[in-house]
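If you want the building blocks of each chain, they are given just below.
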Amino acid sequence: MLRTALRNVLAHKARLLMTVLAVMLGVAFVSGTLVFTDTIGEAFKKSSAQSFAHVSVSILPAASAGPGPGGPGQDAEQPPELTDALLAKVGGLPGAESATGAVSGFAAMAGKDGKLVGQGWSTLGGNFAPGTGGADPRYSFTDGRAPRSAGEVALDSHTAERTGYRTGDIVRLSVDGPVREPEVSGVFGTADGNVAAGGTLVLFDNETARELLGKAGQYDEITVKAAAGTSQDELRAAVEKLLPKGTEAVTGDVLSDEQADMITSRTESMSTVLLYFAGISLFVGVFIIANTFTMLVAQRTRELALLRAIGASRRQVTRSVLIEAFLVGVVASVFGFGAGIGIAVGLRTLIESTGATIPDGPLLIEATTPLTALAIGVLVTMLAAWLPGRRAAKVPPVAAMNSVHAAPTVRGLVVRNSIGAAITALGTTLLLYGAGGGENTFMAGGAAVMMVGVIVLTPLLSRPVIAAAAPLLNRFGVAGKLARQNSVRNPRRTASTASALMIGLTLITGLTVVATSMQSAIDKMAVDLLKADYTVSMANFTGLSPEVREKLDTVPGVAATSPMRAAYGEIDGEYAGITGVDPDSVGQLLRLDFSSGSFAGLGGGGGGAVVDQEVADAHGLATGDTFSYTFENGRSEKLTVTGVYQGNEMVRGLFVPTAVVDRHLAEITDFQVMVKMTEGDSDRAEQSLVTALGENPAVKIQDKQATSDEIGQAINLLLNMLYGLLAMAVLIAVLGVVNTLAMSVFERKHEIGMLRAIGLDRSRVKRMVRLESVVISLFGAVLGIGLGIFMAWAAGTAIGDTVATYEMEIPYDRIGLFLALAALVGVLAAMWPARRAAKLNALEAIKAE
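What counts and how
- Residues numbered from 1 in each chain as written.
- Predicted model: local features only at pLDDT ≥ 70, side-chain atom pairs only at ≥ 80, totals over all residues.
- Heavy atoms only, no water.
- Helix = DSSP H or I, 4+ residues; strand = E, 2+ residues; numbered from the N terminus.
- Buried < 20%, exposed > 50% of the residue type's maximum accessible area, 1.4 Å probe, protein only.
- Contact = heavy atoms within 4.5 Å.
- Areas by Shrake-Rupley, 256 points an atom, 1.4 Å probe, with all protein chains shown as cover.
- pLDDT = per-residue confidence, 0-100.
- Polar contact = N/O pair within 3.5 Å; in protein donor to acceptor, adjacent residues only side chain to side chain.
- Patch = residues over 30% accessible without salt bridge, like charges linked within 9 Å, V, L, I, M, F, W, Y side chains within 5 Å.
- Salt bridge = Lys/Arg side-chain N within 4 Å of Asp/Glu carboxyl O.
- Lys, Arg positive; Asp, Glu negative; His and termini not counted.
- Charge placed at Lys NZ, Arg CZ, Asp CG, Glu CD.
- Core = buried A, V, L, I, M, F, W, Y, C linked by side-chain atoms within 4.5 Å.
- Pairing = 2+ DSSP bridges.
- Axes fitted to C-alpha atoms, helices over the stretch in contact; angles between N-to-C directions.
- Left-handed = near helix turned anticlockwise from the far one by under 90°.
- Nonpolar A, V, L, I, M, F, W, Y, C, P; charged D, E, K, R; others polar.

With respect to the overall build of the protein chain
Check the secondary structure of the protein chain and you find 28 helices and 23 strands. Expressed as a percentage of its 849 residues, the buried residues of the protein chain come to 49%. Once local pairs closer than 6 in sequence are excluded, the contacts in the protein chain between residues at least 24 apart make up 81%. When the accessible surface of the protein chain is totalled, it reaches about 38,600 Å², and 59% of it is carbon and sulfur.

Details of the confidence of the model for the protein chain
Residue-level pLDDT values for the protein chain average 83, and 89% of them are 70 or greater. Within the protein chain, strand E7 (residues 152–156) carries the highest mean pLDDT (95), whereas helix H12 (residues 397–402) carries the lowest (56). Note that pLDDT drops below 50 for residues 64–77; the model gives that stretch 24 contacts with residues more than four away or on any other chain.

Remarks on the environment of Asp 670
Mapping Asp 670 onto the fold places it in the loop between helix H21 (658–662) and strand E22 (672–677). Measuring from C-alpha to C-alpha, the distance between Asp 670 and Pro 563 comes to 6.0 Å, with 107 residues separating the pair along the chain. When near neighbours in sequence (up to four residues on either side) are disregarded, Asp 670 contacts Thr 542, Gly 543, Leu 544, Ser 545, Pro 546, Pro 563, Met 564 and Arg 565. A polar contact of 2.5 Å, which involves the side chain of Asp 670, links it to the side chain of Arg 565.

Examining a negative patch on the surface
Together, Asp 233, Glu 234, Glu 248, Asp 253, Asp 257, Glu 258 and Asp 261 line one region of the surface with negative charge. For the negative patch, the elements supplying multiple residues, two or more each, are helix H7 (232–240) and helix H8 (252–299). Per element, the largest residue contribution to the negative patch is 4 residues, and it comes from H8. Mapped onto the secondary structure, Glu 234 falls in helix H7.

Examining the side chain of Asp 612
With respect to the helices, strands and loops of the structure, Asp 612 is situated in strand E18 (residues 608–612). Among buried charged residues, Asp 612 stands out as having no salt bridge; its nearest opposite-charge side chain is Arg 652, 5.6 Å away. A distance of 3.0 Å separates a polar side-chain atom of Asp 612 from the backbone nitrogen of Glu 614. Within the structure, Asp 612 has its side chain in polar contact with the backbone nitrogen of Val 615 (distance 2.7 Å).

Some remarks on unusual backbone geometry
For Phe 541, which is not glycine, the phi dihedral falls at a positive 65°. Within the secondary structure layout, Phe 541 lies in the loop between strand E14 (534–538) and helix H18 (546–553). The class of Phe 541 is exposed, set by a relative accessible area of 59%. The backbone phi angle of Asp 572 is positive, close to 55°, even though this residue is not glycine. Within the secondary structure layout, Asp 572 lies in the loop between strand E15 (558–571) and strand E16 (574–581).

Observations concerning the nonpolar core
Ranked by internal contacts, the top residues of the largest apolar core, which has 52 residues, are Val 284, Leu 431, Met 451, Ile 732 and Met 791. Among the elements that take part in this core, helix H25 (residues 762–802) stands out by supplying 12 residues, more than any other. With sequence-adjacent residues up to four places away left out, Met 451 is seen in contact with Met 502, Ile 503, Thr 506, Leu 507, Leu 787 and Met 791. Leu 86, Leu 93, Ala 107 and Val 171 belong to the second-largest nonpolar core, a separate cluster that totals 31 residues.

Some points on the pairing of strand E21 (residues 654–657)
The pairing of E16 with E21 spans 4 bridges and is parallel. When the bridges of E21 are listed, Gly 580 appears paired with Val 656. Taken together, the 2 bridges between E18 and E21 define a ladder with antiparallel strand orientation. Pairing of Val 610 across the sheet is with Phe 655, part of E21.

Points about a positive patch on the surface
Together, Arg 762, Lys 766, Arg 767, Arg 770, Arg 835 and Lys 839 make up a region of like positive charge exposed at the surface. In terms of residue count, the dominant contributor to the positive patch is H25 (4 residues). Note on placement: Arg 770 falls in helix H25.

As for the pairing of strand E10 (residues 183–190)
Burial of E10 is extensive: 6 of the 8 residues sit out of reach of the surface. Two elements, strand E6 (residues 139–144) and E10, share 5 bridges in a ladder whose sense is antiparallel. Looking across to E10, one finds that Tyr 139 is bridged to Thr 190.

Considerations on the sheet that holds strand E1 (residues 57–61)
Taken together, the 4 strands give an open sheet; going across it, the order is E2-E12-E1-E13, and neighbouring strands pair in antiparallel fashion. Here the strands that pair on one side only, and so sit at the sheet edges, are strand E2 (96–102) and strand E13 (247–251). Taken pair by pair, the neighbouring strands of this sheet meet at an average axis angle of 20°, ignoring direction. Sheet topology places E2 next to strand E12 (residues 221–226); 6 bridges connect them, and they run antiparallel. From the neighbouring strand, Ser 98 faces E12, where its bridge partner is Lys 225.

Remarks on the side chain of Ser 31
Relative to the assigned elements, Ser 31 resides in helix H2 (residues 17–51). Engagement of the side chain of Ser 31 in a polar contact is seen with the backbone oxygen of Gly 336, the distance being 3.5 Å.

Points about the packing of helix H17 (residues 491–529) against H25
With their axes 6 Å apart at the nearest point, H17 and H25 run at an angle of 35° to one another. Here H17 and H25 pass one another in a crossing that is right-handed. For the contact of H17 with H25, the residue count by class is 18 nonpolar, 9 polar and no charged.

Re the pattern of salt bridges
For side chains bearing opposite charge, pairing can occur when the charged atoms are close. All told, the structure shown has 14 salt bridges when counted by the stated rule. We note a salt bridge from Glu 679 to Arg 684, for which the minimum N-O separation is 3.7 Å. Across the pair, Arg 684 and Glu 679 agree in class, each one exposed. For the salt bridge of Arg 764 with Asp 761, the shortest nitrogen-to-oxygen distance reads 3.6 Å. The partly exposed category is assigned to Arg 764, whose relative accessible area is 30%. A single salt-bridge network, built from bridges that share partners, covers Asp 84, Glu 207 and Arg 210.

Have a look at this one:
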């Protein structure tokens, strides 16, 4: 039986090619994911270790240190001071080779196009702290020198490369408000994690950095390097004797290990997500494998029957099929592992092309990775081939020798349809229950179960769905009629091929509908909420100086402005956010959905408050009621409800006059300023605001569409990533269509020869095969799109409970594109099988069994 299995594999190697490719792609996805995440994880760990090479002990604010219950600067414990005096003391300890003080903070730099370089949260400034010999161990200069005065800065090499700045250039940046224009004194390399992740780092001289970053005379951290012969633990013990209150000393090894653990956690999370999608691709591949072996077994029914007749047992027949599957799995896994290494290299290049930076390092292949790839490929192939092998063994020898193409029994189809209906009903029930109760676990489980149920029911659905296409197919004459009949001749085969495509399109359609609906909900939210034409904020989401609003008020064409000034506190011991606004102008800038009252009552006495419905319900408040609000500093204000509105994801909590919150803030800053122009938004109006604020790269000015687009960008980026991850599953499904058609052509060689003999020319044979392919592809697409829309509707009911403006919106243009692509897949998949069918010699085909 082993020799028989080997002979069969060699005899049918062309027919097994698509199965090998399907398994290979799934295994490549898995092994590529493992190699990629292992490689970048190790690269980041080594880069992190390098960044701690000069750190034996680090002095930091203790984890428990920080503002007390009174809030920042108000009756709270002051943060610990890491001063020059402490730096000198620890640097002079026996066993300490050197000590370095570090400060960092937000520093927005404009590129040559005048726009902010990078994202606000990743644009940082730091200090160059020269030690012995004038060097700072954290940085190595590749060009120029370190900054020596307030008029100079140095740039990290990655930022210099992407912006085109060179030593001697003038750059525009902002740290504490005003725009500065220092000269680039040099370019440096660093192992800083923020830079490695694609951020920017601007270095100032030590004194300028501390002044600009708000740390005059102080540091965020002091690092100490041990002298030769002194261990980190010994140095830490000596440093601890000098520590001021609220600080702690941590060894470099501990910090490096913590960083390594964090990197491991992140790469494992990435690996898990990628492996989920690899699993989807392998699941799709199962249909191709099962289809291939089902058709191979059907074509060899007489051969298997003869083996049974001469003494082979059922177990031996099944085993021979599984041996074939094992050999296919081994070959596919070996090639898949090789392709996976290529995928890992490609993923790294792709990520770096987006602007992110991955530290240099060799490709890492753990010993378990090839074993995992081999195990997955072999197990998936053998499991998928087990059922066809079992079916082959159950066919009686006499019956098998009498009929090559034994049709499935009616009883078998009834049982299958009954089981499919029960599974679909169970999945639908779980999905709807999860959607109604907001239970994500039930929703996900229900969707998976429902999809399995529909897959089981697909043979039953194939006849009515394909029959509905009869009017269109009949227009192609005899070729169209034959294509339709061939598509439903073997419902199980058609269903298995279409199901592979259905899975990918279900997920793609569902994600697309949810993303499109969410984007529309955000657009509605922004348009319905904002009367203001523009919002002004800091790029890194820190506070704006009140002077910004004052400058905006002087701009010609500005009709109204209002700050949005955040504070924090409680009502009856429960947290409730509070925002200070200008009571005289806020009504012109915000459009809230009031259930009672309005903004009008905020002015006058100064103690008015507008509250959202959730807060009002929680505390039994209504318009006209008076309540006590306790701020972070422990002081309270008596406020009167002047209006109740429906909150949403963009605005919620309390609105009060700025005068109310100002009394409780240590530092008055605005997280946003709203601006309304007399003539609405326009390029000229926006430029007037930009000019008034000194073309500051740290300040972000957005109209309503830009606010919506900023959130939408994140949604579209995620959606495009998911499209890319699901593309592998769709590609495997395409191979399944090619495989089914090619083997079907071989199986129907005699029939095609007869058609040629009675007058069906080669062009119509090609058309018949192409139309059959298009019908199968569109059948899978219709099922996938319908199922995806249903799942998106179910998910939308849960989303609608939290996002008030969410309504399901079907993107008909994209749905049409998916159908067109499915038809194109059918045409392309049929190219080789159609040519093969048309080239058959009619006389030789008629003689074939």
